[in-house]
Amino acid sequence: MSKFIVEHKRTHYCGDLRAVHVGQKVVLFGWVAGRRDLGGRIFIDLRDRSGLSQVVFGPDIDKRMGQAEGQGAHAHADVLRSEFCIAIAGTVVLRTASGGQTNLKLASGEIEVEASELQIFSRADTPPFQIEDDVETREEIRLKYRYLDLRRPVLQRNFQLRSKLYRLTRDYFHENHFVELETPFMVKYTPGGARNFLVPSRLNPGKFYAMAESPQIFKQLFMVAGMDRYFQIVRCFRDEDLRLDRQPEFTQIDVEMSFIDEEDIWAMIEGLVVRMWKELAGVDIARPFLRMPYAEAMGSYGEDKPDLRNPLKLHDLTAIVKEHKGGGVQIFEKIVEGGGIVKILRIPGTHAQKISGTEVRKLEDVAKGMGAAGLGSARLDPAGSGEALAWTQSPFGKTASEALRAAVQKAIGGGPGDLLFFQLGNPKVANTVLSQLRQQLGKKLDLLEKGWRFLWVTDFPMFEKGEGGTWVAAHHPFTSPKPEHVELLSTDPGAVQARAYDLVLNGNEIAGGSIRIHQREVQAKVFAALGLTEDDFRQKFGFLLDAFRYGPPPHGGIAFGLDRLSMLLTGATSLRDVITFPKTQNGTDLMSDCPTEVSQRQLDELFIASRPPPAKQ
RNA sequence: GGGGUGGUAGUUAAGUUGGUUAUAACGCCGGCCUGUCACGCCGGAGGCCGCGGGUUCAAGUCCCGUCCACCCCGCCA
């Protein structure tokens with residue numbers, strides 16, 4: 001048996017070796033990242049999680065070590081292949097001192113290790129893709145062989161950074177007198193919000209646990225319990241459709257504090273974020289972060305998580321169009337009379353000239369894919385001048401009155417060559433379409449400024465119109481309304497603003513939270529506005545209401561998407577690159593082939609009958 | 001549920017108006033090579049063209065369906 005592991009313990013990681021180690025005997029464990037077999041000299045790139053070191057084998061090296069011919073490390077090294085797991089012992093030498101050249105591309109490029117001993121722990125089949133950063137392989141294959149994908153240096157770096165993120169977070173909250181507490185994953189099902197994954201209860205036939213969407217109610221109970229400051233790094237589960245930045249299970253940094261207001265939360269969170277960026281990205285972020293009311297975000301960007309690196313803006317022209325009674329454009333008149341809106345995305349002339357008429361038509365197809373009836377556009381006469389530039393290449397251009405054109409141009413600060421994209425009618429569709437176009441064009445025209453643009457979005461509406469025209473909680477039903485809006489709860493719920501806030505970074509919602517209701521009468525009014533009786537809620541959230549009879553403190557909190565934070569900090573372009581074993585867009589794990597069917601016996605034990613989905617027609 | 005992109009050797013791609021034996025690079029296998037680091041040179045193997053159906057004398061190529069992956073809308077209190 002070899003001396004490795006038992007006697008030869010690892011002395012260094014491959015990527016850490018430098019000129020200062022020259023002359024030292026070292027023991028390295030790792031995987032063969034590449035080989036260059038020159039016959040009398042064999043070079044191996046040895047990889048571990050820290051990086052690479054070049055290992056060199058040669059008959060002269062063996063001889064110096066007193067090995068008989070054909071017995072030394074070199075004699076065995078010719079069988080080495082990619083991804084073999086090996087150990088070597090040897091001496092660190094300066095490459096330039098032993099006939100070689102420094103490799104400037106490698107952190108350890110000044111040195112190499114002359115191998116005197118070699119052990120092959122295990123051989124490897126030819127991997128399905130090369131374990132390198134710049135090899136682009138179909139994601140399907142990467143996910144199937146995730147353990148190999150995870151060997152790639154870029155993912156190794158991502159997860160090492162993520163690990164530091166956990167530690168920094170824990171340090172920060174402990175320093176600020178927070179208590180780290182756990183909450184159950186298997187919880188009572190509560191209606192509303194995201195779909196839950198369900199877990200059948202064998203001991204309680206016919207009943208189900210829900211996998212927690214978040215620890216929301218439990219963390220509020222911690223406040224009732226007097227824990228005062230709580231945090232947790234916790235897995236959450238939501239059975240919704242997946243996206244680039246959404247996985248069915250994901251990790252939150254969950255926070256709740258007592259005896260605080262918004263400013264306290266924001267200050268605490270900004271402190272954490274600034275430290276994350278300082279220590280993990282080496283970037284100083286200015287405080288306090290910018291703040292923007294929800295209404296402004298929707299108005300100027302069409303979304304509640306605007307990417308402020310993108311200079312493009314939306315403009316609501318409804319009032320102007322109304323004032324001019326359509327301004328000669330029939331469809332405008334019809335839309336505003338019907339209570340619809342007229343909204344535009346403005347592309348300033350310097351950028352607009354890069355967008356051809358063909359591309360405009362392609363964008364219309366994109367818009368239709370998102371539910372738009374069409375995509376009106378107009379170019380402010382590039383050759384013109386004055387305050388009422390003609391609208392060229394536009395379905396509205398012929399009839400739009402000079403007065404309307406002047407008013408619009410003034411409102412948007414428009415100039416010759418500007419390209420305007422119109423959305424008419426439904427505000428929700430208009431905002432979706434224009435904000436998407438804004439994002440796509442911002443990227444395509446390379447308009448995004450460099451840097452980190454943090455933003456608190458505030459003053460969210462308390463309620464949204466649900467499917468049946470009833471009011472539903474925009475955040476969750478325990479979110480406190482603004483005190484000055486409490487009276488509106490019964491008269492004009494749509495006008496009530498919540499003490500809720502999101503933290504947005506470069507177009508990503510990275511955290512969201514609110515100040516909660518701690519007064520029973522306010523809670524009752526919110527329930528009433530939601531069209532629910534106290535009995536309804538007693539059934540669903542009774543334990544919380546019960547708890548709130550025993551002196552609940554004023555409290556509030558926030559929850560971070562830790563995966564998204566990791567993604568942004570590492571520069572990853574997908575959540576899947578910061579989650580060790582992610583699921584596909586269909587919610588499956590290609591590596592383990594999950595989910596699967598289970599045996600009839602297992603179902604019987606749970607008193608569950610499974611039936612196939614109806615055949616597609 | 002809807003819109004879009006893709007699937008050809010282990011990997012990444014090319015494949016013309018449908019027309020001989022489906023190309024290339026990297027990787028892999030064998031041989032040579034003592035300073036390579038994208039090593040080099042010589043030789044070689046490797047294909048359910050995602051799957052199913054159709055049109056055709058003939059389909060990787062055209063049509064229909066379907067599966068998978070990715071991006072987006074809806075959805076995600």
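The coordinates are above.
None of these values were measured; they are calculated from a predicted model. Numbers given to residues run from 1 along each chain, matching the order in which its sequence is written. Written order determines the labels here, with chains lettered from A and ligands numbered from 1. pLDDT decides what is reported in this predicted model: residues at 70 or higher carry local features, side-chain atom pairs at 80 or more are listed and counted, and totals for whole chains, interfaces and linings draw on all residues regardless. The side-chain values count all of the structure's non-hydrogen atoms but skip hydrogen atoms and water molecules.

Chemist: Got a sec to walk through the overall build of chain A? Specific residues and values, please.
Modeler: Scanning chain A from N- to C-terminus turns up 19 helices and 23 strands. Overall, the C-alpha framework of chain A stretches about 100 × 70 × 55 Å when taken along its three principal axes. Buried means the residue's accessible area, taken with a 1.4 Å probe over protein chains only, is under 20% of the maximum for its type, while exposed means over 50%, and partly exposed covers the values in between. The buried share of chain A, reckoned over its 617 residues, is 48%. Here, residues are in contact when the closest pair of their heavy atoms is within 4.5 Å. Restricting to contacts in chain A with at least 6 residues of sequence separation, those with at least 24 account for 66%. Summed over all atoms, the accessible surface of chain A reaches about 31400 Å², with 50% contributed by carbon and sulfur. For the purpose of charge, His is not counted, nor are the chain termini; Lys and Arg are scored as positive and Asp and Glu as negative. Charged groups are reduced to one reference atom each: NZ for lysine, CZ for arginine, CG for aspartic acid, CD for glutamic acid. Here chain A holds 78 positive side-chain charges and 79 negative ones, and the gap between their average locations is 2 Å. Note on conventions: DSSP H or I runs of at least 4 residues are helices, E runs of at least 2 residues are strands, and numbering of each starts at the N terminus. Here, Shrake-Rupley sampling with a 1.4 Å probe gives the accessible areas, and only protein chains in the shown set may cover a residue.

Chemist: How would you explain the protein's contact with RNA strand B if you had to name every residue and give the values?
Modeler: In this text, near means that some heavy atom of the residue lies within 4 Å of the molecule or strand in question. Around RNA strand B there are 57 residues in total, and D37, R41, A473, H475 and N586 lie nearest to it. Sugar and phosphate atoms constitute 58% of the interface atoms of RNA strand B, taking the interface as everything within 4 Å of the protein. Any pair of nitrogen or oxygen atoms within 3.5 Å is treated as a polar contact; in protein, a donor-acceptor pairing is required on top of that, and neighbouring residues in sequence qualify only through side-chain atoms on both sides. D37 is positioned with one of its backbone polar atoms (N or O) 2.5 Å from a base nitrogen of RNA strand B. Q585 is positioned such that a nitrogen or oxygen atom in its backbone is 2.7 Å from a phosphate oxygen of RNA strand B. Broken down by secondary-structure element, the contributors of at least two residues to the surface near RNA strand B are β1 (25-37), α1 (59-64), α3 (139-144) and α14 (427-444). When its residues are assigned to classes, the surface near RNA strand B shows twelve nonpolar, 23 polar and 22 charged. When residue character is reported, Ala, Val, Leu, Ile, Met, Phe, Trp, Tyr, Cys and Pro are called nonpolar, Asp, Glu, Lys and Arg charged, and the others, Gly included, polar.

Chemist: Tell me about the nonpolar core, and please be specific about residues and values.
Modeler: Generally speaking, nonpolar side chains in soluble globular proteins are found buried as a group. Among the nonpolar cores identified, the biggest contains 38 residues, and F173 and L503 are the most heavily contacted of them. Here the element with the most residues in this core is helix α7 (residues 262-281); it accounts for ten residues. When residues no more than four places from it in sequence are discounted, the contact partners of L503 are I269, V273, F289, F454, L455, W456, N508, E509, I510, A511 and F560. Nine residue types can take part in a nonpolar core, namely buried Ala, Val, Leu, Ile, Met, Phe, Trp, Tyr and Cys, and a core is a set of them joined through side-chain atoms within 4.5 Å.

Chemist: Now, about helix α10 (residues 330-337): what can you tell me, with residues and values included?
Modeler: Burial in α10 covers these residues: F332, I335 and V336. The arc that holds the buried residues of α10, viewed along the axis, is 90°, so those residues lie on one side. Set apart from the buried face of α10 by more than 90 degrees, the exposed residues are Q330, K334 and E337. Elements that come into contact with the buried residues of α10 comprise α9 (318-323), β14 (341-347), β16 (391-392), α13 (402-412) and β17 (419-425). A positive backbone phi angle near 85° is found at G339, which sits one or two residues after α10. It is the directions from the helix axis to the C-beta atoms whose arc is reported.

Chemist: Provide a residue-level description of the side chain of Q220, including the pertinent values.
Modeler: Note on placement: Q220 falls in helix α6 (residues 216-224). Judged by its relative accessible area of 0%, Q220 falls in the buried class. At a separation of 3.0 Å, a polar atom in the side chain of Q220 contacts the side chain of Q216. Here the side chain of Q220 touches H555 through a polar contact of 3.1 Å, side chain to side chain. For Q220, the contacting residues outside a window of four places in its chain are E256, H476, F478, R516, L544, F548 and H555.

Chemist: Before we move on, could you go through the sheet that holds strand β8 (residues 198-200) and cite the residues and values that matter?
Modeler: Only strands that DSSP links by at least two bridges are regarded as paired with each other. Overall, antiparallel pairing links the three strands, which are arranged β7-β9-β8 in an open sheet. Across the chains shown, the open sheet's two edge strands, defined by having one partner strand only, are β7 (186-187) and β8. Pairing between β7 and strand β9 (residues 208-211): two bridges, direction antiparallel. The partner of M186 across the bridge, within β9, is M211.

Chemist: Residues and numbers for the packing of aromatic side chains, please.
Modeler: Between rings of Phe, Tyr and Trp, where Trp is taken as its six-membered ring, a pair exists when centres lie within 6.5 Å; planes separated by under 30 degrees are stacked, by over 60 edge-to-face, and by other angles tilted. By the definition in use, this model includes 20 aromatic pairs. Centre to centre, the rings of Y145 and Y147 are 6.4 Å apart; their planes meet at 80°, and the pair counts as edge-to-face. Centre to centre, the rings of F332 and F396 are 4.8 Å apart; their planes meet at 50°, and the pair counts as tilted. Linking F332 in helix α10 with F396 in the loop between β16 and α13, this pair joins segments that are 64 residues apart in sequence. Of the two residues examined, F332 and F396, each falls in the buried class. Sitting above the plane of the W471 ring, K465 keeps its charged end 4.4 Å from the centroid. Put simply, a charge is over a ring when the Lys NZ or the Arg CZ is close to the ring centre, within 6 Å, and near the line of the ring normal, within 35 degrees.

Chemist: Let's hear about the pattern of salt bridges: which residues, and what values?
Modeler: For this document, the term salt bridge refers to a Lys or Arg side-chain nitrogen within 4 Å of an Asp or Glu carboxyl oxygen. Evaluated as defined, the whole model comprises 38 salt bridges. The salt bridge partner of D418 is R346, with a shortest N-O separation of 2.6 Å. Placement of the pair is D418 in the loop between α13 and β17 and R346 in strand β14, with a sequence separation of 72 residues. Taking relative accessible area as the criterion, R346 reaches 18% and is therefore assigned buried. A single salt-bridge network, built from bridges that share partners, covers R142, R146, D149, R152 and D577.

Chemist: Tell me about the side chain of D418, residues and numbers included.
Modeler: Exposure remark for D418: the relative accessible area of 2% places this residue in the buried category. Separated by 2.9 Å, the side chain of D418 and the backbone nitrogen of G415 make a polar contact.

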